Amino acid sequence: MADKILIAYVPVLHAGYIALFKKYSNKLYVLGKDLILEFPRMEREIRLVDPEYMAKAINGLGIIPAVEVLNKNDIDRISLDSEIVMPDEDLMRDVAKKYFSKHKVSFEKVFLRWDKPITLRESIVDPNRVISREEFDREMVKVAFESANKTSDWWRQVGAVAVRGDKVLFVGYNHHLPSSNSPYENGDPRNNFDAGESLDLSTAMHAEAGIIAEAAKKGESLDGASIYVTTFPCPVCAKSIVEAGFKKVFYSKGYSLVDAERLFNQYGIEIVLVQ
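A quick note: this is a predicted structure, and the numbers were derived from the prediction, not measured. (Residues numbered from 1 in each chain as written. Predicted model: local features only at pLDDT ≥ 70, side-chain atom pairs only at ≥ 80, totals over all residues. Heavy atoms only, no water.)

Colleague: I would appreciate a short explanation of the overall build of the protein chain in the present structure.
Modeller: Each helix and strand in the protein chain was counted, giving 11 helices and 13 strands. Across the 275 residues in the protein chain, those meeting the buried criterion constitute 43%. When contacts within the protein chain are restricted to residue pairs at least 6 apart in sequence, those whose partners lie at least 24 apart make up 61%. Here the protein chain has roughly 14700 Å² of accessible surface; of this, 50% comes from carbon and sulfur atoms. (Helix = DSSP H or I, 4+ residues; strand = E, 2+ residues; numbered from the N terminus. Buried < 20%, exposed > 50% of the residue type's maximum accessible area, 1.4 Å probe, protein only. Contact = heavy atoms within 4.5 Å. Areas by Shrake-Rupley, 256 points an atom, 1.4 Å probe, with all protein chains shown as cover.)

What follows is the structure, encoded as structure tokens:
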């Protein structure tokens, strides 16, 4: 029977990694420095523990009888008959493609860290409740959509309305700075990215951020207010909404990226889908 070995990028130890080790407790290879350095994004990981120290730490747990650091010059030692298991993440798939194309490799679906595919994955929002008959909520979303039509952004049109009780506080839409023509005068930085990537690299001020900035400029607190948006907030705006003190987020469409939905739930902000 072929040996089953686990090969993994292990920047830090936590419960997810330990559970993975226990599942494949025969042999573990921890990616070595020279392999990690081939993929620059991995070097940026602030939690990254030197692979030699990490191998010793895992050995100390007593879960796996054989733990070694895998460097480039060790790859040829791994038999073609070995069955290799890797965590299903972008780095390990790149390593498998480059160095283990002749081996039998399977990928274990497990969340260990925010790799690029997970970070860019759109998650269906699970609203706390669905509004379909309350006229005021539908009217506010309508106002948000009307505001969205004012944007000069061809890529995305988003509108937002801040409300306290039945009073409209601020209305906004995504707009470019220093002028609405910025992307057409100098080119649009977003052209370098696919949808959902590097949301902060843009000349655009998001609708929610614009409302929060306007409220701050005019000295009006948004604590306890509600915000209506045409599209579910991005992770950056979600953090601003939390810090501004909004208690309800009403939206009409869109998905959650990274931790936006989780943030609202953790801070007790009600999420409402308006249909």
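Colleague: Where do I start with the sheet that holds strand S1 (residues 4–8) in this structure?
Modeller: Strand pairing in a sheet relies on backbone hydrogen bonds, with the paired strands running either antiparallel or parallel. Pairing is parallel in the open sheet, where 5 strands are placed in the order S3-S2-S1-S4-S5. This sheet does not close on itself; its edge strands, each paired only once, are strand S3 (67–70) and strand S5 (104–108). On average, each strand axis in the sheet is inclined to that of its neighbour by 30°, with strand direction left out of account. Sheet topology note: the strand S2 (residues 28–31)/S3 ladder contains 4 bridges and is parallel. Across the sheet, the residue bridging to Leu 28 is Val 67, located in S3. Across the sheet, helix H4 (residues 51–61) lies against S2 and S3, angled at about 165° from S3, the strand it touches most. (Pairing = 2+ DSSP bridges. Axes fitted to C-alpha atoms, helices over the stretch in contact; angles between N-to-C directions.)

Colleague: Sorry if this is basic, but what is going on with the nonpolar core here?
Modeller: For soluble globular proteins, nonpolar side chains are generally found buried alongside one another. Counting 28 residues, the largest nonpolar core has Leu 222, Ile 241, Phe 246 and Phe 264 as its most contacted members. Every element with two or more residues in this core is listed here: strand S7 (159–164), strand S8 (167–173), helix H9 (207–217), strand S11 (226–231), helix H10 (235–244), strand S12 (248–253), helix H11 (260–266) and strand S13 (270–274). Among residues more than four places away in sequence, those in contact with Ile 241 are Glu 208, Ile 212, Ile 227, Pro 233, Phe 246, Val 249, Phe 264 and Ile 269. (Core = buried A, V, L, I, M, F, W, Y, C linked by side-chain atoms within 4.5 Å.)

Colleague: What's the story with helix H1 (residues 15–23) in this structure? I'm lost.
Modeller: Along an α-helix, residues three or four positions apart point the same way, because every turn accommodates 3.6 residues. All buried positions along H1 are accounted for by Tyr 17, Leu 20 and Phe 21. Here the buried residues of H1 occupy an arc of 100° about the axis, which is enough to place them on one side. Facing away from the buried side of H1 by over 90 degrees, the exposed positions are Ala 15, Lys 22 and Lys 23. The inward-facing, buried residues of H1 abut S1, S2, H4, strand S4 (83–87) and S5. (Arc of directions from axis to C-beta.)

Colleague: Teacher, can you tell me more about the pairing of S8 here?
Modeller: Each regular strand carries side chains that alternate between the two faces of the sheet. Direction of pairing for S7 relative to S8: antiparallel, over a ladder of 6 bridges. Paired with Arg 164 across the bridge in S8 is Lys 167. Hairpin connection between S7 and S8: a loop of 2 residues separates the two successive antiparallel strands, and Gly 165 in this loop has a positive phi of roughly 65°.

Colleague: It is not clear to me how the pattern of salt bridges should be interpreted in this structure. Could you clarify?
Modeller: Pairs can form between side chains of opposite charge once their charged atoms are near each other. Applying the stated criterion across every chain yields a total of 13 salt bridges. For Glu 83, the salt bridge is made with Lys 4, and the minimal N-O distance between the two is 3.5 Å. Note that Glu 83 is positioned in strand S4 and Lys 4 in strand S1, a separation of 79 residues in sequence. Note on Glu 83: relative accessible area 21%, which makes it partly exposed. The exposure class assigned to Lys 4 is partly exposed, which follows from its relative accessible area of 35%. Residues Glu 38 and Lys 72 are paired through a salt bridge, measuring 2.6 Å at the closest nitrogen-oxygen approach. Here Glu 38 is found in the loop between helix H2 (33–36) and helix H3 (40–43), whereas its partner Lys 72 is found in the loop between S3 and S4, with 34 residues between them in sequence. For Glu 38, a relative accessible area of 24% puts it in the partly exposed group. In the salt-bridge network here, residues are joined through shared partners; they are Lys 27, Glu 68, Asp 74 and Arg 77. (Salt bridge = Lys/Arg side-chain N within 4 Å of Asp/Glu carboxyl O.)

Colleague: Help me understand the packing of aromatic side chains, please; the structure alone is not making it clear to me.
Modeller: Aromatic ring pairs: the centre-centre distance and the angle between the two ring planes describe each pair. Enumeration according to the criterion identifies 5 aromatic pairs in this entry. A centroid spacing of 6.3 Å and a plane angle of 40° characterise the contact between Tyr 17 and Phe 21, whose relative ring orientation is tilted. Here the residue Tyr 17 and the residue Phe 21 both occupy positions in helix H1, the gap between them amounting to 4 residues, near one helical turn. The exposure class assigned to Phe 21 is buried, which follows from its relative accessible area of 0%. (Phe/Tyr/Trp six-rings, centres within 6.5 Å; stacked < 30°, edge-to-face > 60°.)

Colleague: Before we go on, may I ask you to explain the sheet that holds S13 in this structure?
Modeller: Ordered by their spatial adjacency, 6 strands build an open sheet running S6-S13-S12-S11-S7-S8, and the pairing between neighbours is mixed. Two strands lie at the open edges of the sheet, namely strand S6 (129–131) and S8, each paired on one side alone. Each neighbouring strand pair of the sheet contributes to a mean axis angle of 25°, computed without reference to strand direction.

Colleague: I keep staring at the packing of H9 against H10 and nothing clicks. Help me out?
Modeller: If you want to describe how two helices pack, look at the angle between their axes and the distance between the axes. One can describe the packing of H9 onto H10 by two numbers: an axis separation of 9 Å at closest approach and a directional angle of 30°. Here H9 is positioned roughly parallel relative to H10, judged by the angle of their axes. Considering the relative orientation of H9 and H10, their crossing is left-handed. Residue-level contacts link Glu 208, Ala 209 and Ile 212 of H9 to Cys 237, Ser 240, Ile 241 and Ala 244 of H10. Split by residue class, the contact of H9 with H10 holds 5 nonpolar, 1 polar and 1 charged. (Parallel < 35°, antiparallel > 145°, perpendicular 65-115°, else oblique. Left-handed = near helix turned anticlockwise from the far one by under 90°. Nonpolar A, V, L, I, M, F, W, Y, C, P; charged D, E, K, R; others polar.)

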